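# Per-entry structural report
Residues per chain are reported as follows:
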2 protein chains.
Amino acid sequence: MATISDVVKLSGLSKTTVSRVINNHPYVSKENREIVLNSIKELGYVPNPSARRLRGQLTTTIGVIIPRIVNPFFSYLVNAIEQAAFKQGYQVLISQSNEDKNKEIAFLNLLKTKQVDGIIMTSIENDWDIIQSYKEYGSILLCNDYVNQDVFPMIRLDQVKGAYLGVRHLIERGHQKIAYCTGGLFDDEGKGKDRNHGFQKALNEAAIKVNPKWIFIDQHTVEDGKRIMKQIVEMDDRPTAIFTGSDQVAGGMIMEAKEQGLTIPDDLAIIGFDDQPIAEILDPKLTTIRQPVDQLGEKSIEVMIEMLKNPDMEIKSYELPIELIVRQST
Amino acid sequence: MATISDVVKLSGLSKTTVSRVINNHPYVSKENREIVLNSIKELGYVPNPSARRLRGQLTTTIGVIIPRIVNPFFSYLVNAIEQAAFKQGYQVLISQSNEDKNKEIAFLNLLKTKQVDGIIMTSIENDWDIIQSYKEYGSILLCNDYVNQDVFPMIRLDQVKGAYLGVRHLIERGHQKIAYCTGGLFDDEGKGKDRNHGFQKALNEAAIKVNPKWIFIDQHTVEDGKRIMKQIVEMDDRPTAIFTGSDQVAGGMIMEAKEQGLTIPDDLAIIGFDDQPIAEILDPKLTTIRQPVDQLGEKSIEVMIEMLKNPDMEIKSYELPIELIVRQST
DNA sequence: TTGTAGGCGTTATCAC
DNA sequence: GTGATAACGCCTACAA
């Protein structure tokens, strides 16, 4: 592989001049710039990123932490991020945290060793102040997650509104007995708190009380959905509608409900979250909350690159619109 | 960030000794090893990968090229690869080729600059001899794709058998009029040739002739499936069964078929490929060909690391089993 | 406008 | 067993 020295030899100029050309610095005569450029082309020279990193330069690599890539929400998000980054000449290094604190830390350490210029975090497992201690080593951006501190730029979706829209829609359809199923907890402060607030807000407006028996927490998969549906079928007092935190779970519910002879939406209305491809594949097609994943990824890269270029940038946050997609399951 | 020099100062030993300890070299006394190890722990020292790379060491990073991450087959594959690599202390750098030759080349160039030790390619866009020219810069492994040359180790699935099993199953169910839908071409040599061979083999055994009107090439998405089903419905002479190259396409077909008032599998049997999560979500549940994605990823990493440790390793290839999963759509 | 020289953090070579 | 020292490829004071 050709190095800068090869270019120096071929061009007959100095390392400095060559380096200046490579980095688009001023103070190089037109003629010399030409000569260097030609030599570079002739040799097929590409600067060695390791040397640059060692020298303390930018890596043009952005890290992305996601819980798991097989979750379509995140694979679509990663796709958007990767495409946007590539356009700007950045590489993307992806890590799955699997919701493991240690893996998250291991990945953040890449900042310390200048392996990545910045990290986009789509979920934070460790406490925010631990994460914050890595800020001095590189840029950190929160995407689709947040902390109640103005320490990181955040690109968010309005989850309160998302849940609110969904639940209000169920109420408008005449439902009063509404179950709630979340991937987080049913706390005011825990994971998924925003959606919980949206849920509560819609119920409060309609003066409906929460039935604790109809609250299901920490549910993520198709299997989870099936299991819950079995439980619901056995209840004496059944809900007439269910708001779920994921299309996957909603999908499982629909399948199991049909298995059990229930008609959707007549016996039970179901609403998902994400608007994943399966939402349109399910029968009946799933009413759900669409999250603008592509925008989320693009905006994240845009802001990240802005941070990289100007590390002292003011910390701003962005909230992207979220919308209700009504199909057949409600 | 602590460097080796910090460890040197704290331990009172030389760089050489410290480096030896870090790299598990012999010729360090037990006592000194202890001292160094303690200093490392105290400082939270981590070797700087950029410096190592520059020095010509391994990067402990493996690149993976996939066509697109939003295809569940590849997101599951990437997941398996990432998990397996992480266990071995390797990072994974993912690139989507989007089936673009240039992007593939751009990624292969990471080998030249020692950004990655090796690359796992899940699809090759450029000619194999171009790819081969990168072999001198690092290890290249073909995963789920192959060339008819013994130049790269390959981890493959037996696609001939996969297609054969599916089509034979349709024939056993009494079908004679079988349509075929592929993500590749219907050539003897082009993309998807193996599945074509499997398809032909099964037909030949039953002395069934191919109807060219029932061959659909370059089909990938749910939308493609819907479109094809519309075409089929309009045909005077309709097939009674369809073998598809993807669960996505099969899913689209099922949806559209139902829309058009067809009953599956009675009016039309449909078989997918991949056994993606939607296969179980579809109604009726989809008969499909299961590809052992996790094994594919694990084996790929296993062989890649073997290659990295022993670059002169004999080039071996592996073929993983593939199986028919019978559900309700046939 | 151009060139020289030093250092980023690491490992390998060689001498002790 | 141990320790100087050079080298990997690059960028940037500083000097000219």
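Residues numbered from 1 in each chain as written. Chains lettered and ligands numbered in written order. Predicted model: local features only at pLDDT ≥ 70, side-chain atom pairs only at ≥ 80, totals over all residues. Heavy atoms only, no water.

Labelled according to an unreviewed UniProt entry, chain A appears under the name LacI family transcriptional regulator, originating from Bacillus taeanensis.

Close contacts around DNA strand D come from 26 residues, with A:Ile4, A:Tyr45, A:Arg55, B:Thr16 and B:Asn32 the closest. Backbone atoms, meaning sugar and phosphate, make up 62% of the atoms of DNA strand D lying within 4 Å of the protein. Residue A:Ile4 places a main-chain N or O atom 2.3 Å away from a phosphate oxygen belonging to DNA strand D. A:Arg55 is positioned with one of its side-chain polar atoms (N or O) 2.7 Å from a base oxygen of DNA strand D. For the surface near DNA strand D, the per-class residue count stands at nine nonpolar, twelve polar and five charged. (Near = heavy atom within 4 Å. Polar contact = N/O pair within 3.5 Å; in protein donor to acceptor, adjacent residues only side chain to side chain. Nonpolar A, V, L, I, M, F, W, Y, C, P; charged D, E, K, R; others polar.)

Bringing the packing of aromatic side chains into the picture now. Residues and elements named next belong to chain A. Taken as a whole, this structure holds 14 aromatic pairs over all chains when the rule is applied. Ring geometry for Phe-186 versus Phe-199: centroids 6.1 Å apart, planes at 70°, classification edge-to-face. Of this pair, Phe-186 sits in the loop between β6 (178-181) and α9 (193-205) while Phe-199 sits in helix α9; the two residues are 13 residues apart in sequence, bridging distant segments of the chain. The class of Phe-186 is partly exposed, set by a relative accessible area of 27%. Taken together, the ring pairs connect Tyr-180, Phe-186, Phe-199, Phe-243 and Phe-273 into an aromatic cluster. A cation over an aromatic ring shows up here: Lys-201 above the ring of Tyr-164, its NZ or CZ 4.3 Å from the ring centre. (Phe/Tyr/Trp six-rings, centres within 6.5 Å; stacked < 30°, edge-to-face > 60°. Helix = DSSP H or I, 4+ residues; strand = E, 2+ residues; numbered from the N terminus. Buried < 20%, exposed > 50% of the residue type's maximum accessible area, 1.4 Å probe, protein only. Lys NZ or Arg CZ within 6 Å of the ring centre and 35° of its normal.)

Residue and element names in this part refer to chain A. Within the open sheet, the four strands sit side by side as β7-β6-β8-β9. Their pairing is parallel. Strand pairing shows two members of the sheet lacking a second neighbour, β7 (215-216) and β9 (269-271), which therefore form its edges. Pairing of β6 with β7 involves two bridges; the strand directions are parallel. The residue of β7 that forms the bridge with Tyr-180 is Ile-215. Contacting β6, β8 (241-244) and β9, helix α8 (residues 159-172) crosses the sheet at an angle of about 170° to β8. (Pairing = 2+ DSSP bridges. Contact = heavy atoms within 4.5 Å. Axes fitted to C-alpha atoms, helices over the stretch in contact; angles between N-to-C directions.)

What follows concerns the UniProt feature "domain: HTH lacI-type" (unreviewed entry) in chain A. Taking the numbering used here, the UniProt-annotated feature "domain: HTH lacI-type" (unreviewed entry) corresponds to residues 2-56 of chain A. From the first C-alpha to the last, residues 2-56 of chain A spans 21 Å; its make-up is 65% helix and 0% strand. (UniProt positions renumbered as here; feature names shortened; annotations may be inferred.)

This part takes up the packing of helix α1 (residues 4-11) of chain B against helix α3 (residues 30-43) of chain B. Residues and elements named next belong to chain B. One way to put it is that α1 packs onto α3 with a least axis distance of 9 Å and a crossing angle of 120°. By the angle between their axes, α1 is oblique relative to α3. For the pair α1 and α3, the crossing hand works out as right-handed. Counted together, Asp-6, Val-7, Leu-10 and Ser-11 of α1 and Ile-35, Val-36, Ser-39, Ile-40, Glu-42 and Leu-43 of α3 form the full contact between these two elements. Its residues assigned to classes, the contact of α1 with α3 shows six nonpolar, two polar and two charged. (Parallel < 35°, antiparallel > 145°, perpendicular 65-115°, else oblique. Left-handed = near helix turned anticlockwise from the far one by under 90°.)

Turning our attention to the pairing of strand β3 (residues 118-121) of chain B. Looking down a regular strand, the side chains alternate between one sheet face and the other. Residues and elements named next belong to chain B. By the alternation rule, side chains of β3 split into Gly-118 and Ile-120 and Ile-119 and Met-121, which are all buried. For strand β1 (residues 61-66) and β3, the ladder comprises four bridges, and the chain directions are parallel. Bridging from a neighbouring strand, Gly-63 pairs with Ile-119 of β3.

Tallied over the entire structure, the rule returns 26 salt bridges over all chains. In this structure, A:Glu82 and B:Lys103 form a salt bridge, with 3.0 Å as the shortest nitrogen-oxygen distance. A residue pair is termed interchain when its members come from two chains, as with A:Glu82 in helix α5 (residues 72-87) and B:Lys103 in helix α6 (residues 101-112). Of the two residues, A:Glu82 and B:Lys103, neither departs from the other in class, the shared state being buried. B:Arg290 serves as the salt-bridge partner of B:Asp275, at 2.8 Å between the closest nitrogen and oxygen. Note that B:Asp275 is positioned in the loop between β9 (269-271) and α12 (278-281) and B:Arg290 in strand β10 (residues 288-290), a separation of 15 residues in sequence. With relative accessibility at 17%, the residue B:Asp275 sits in the buried group. Among the ionic contacts, a cluster of salt bridges with common partners joins A:Asp275, A:Glu280, A:Arg290, A:Glu323 and A:Arg327. (Salt bridge = Lys/Arg side-chain N within 4 Å of Asp/Glu carboxyl O.)

What follows concerns the interface of chain B and chain A. With 40 residues of chain B at the contact, the number on the chain A side is 40 residues. Three residues stand out in chain B for area buried against chain A, namely B:Met1, B:Val70 and B:Ile281, and they jointly supply 15% of the buried area on that side. Put simply, chain B and chain A have four salt bridges between them. Notably, a salt bridge pairs B:Asp283 with A:Lys258, separated by 2.7 Å at the nearest N-O pair. (Buried area = accessible area lost by both parts, 1.4 Å probe.)

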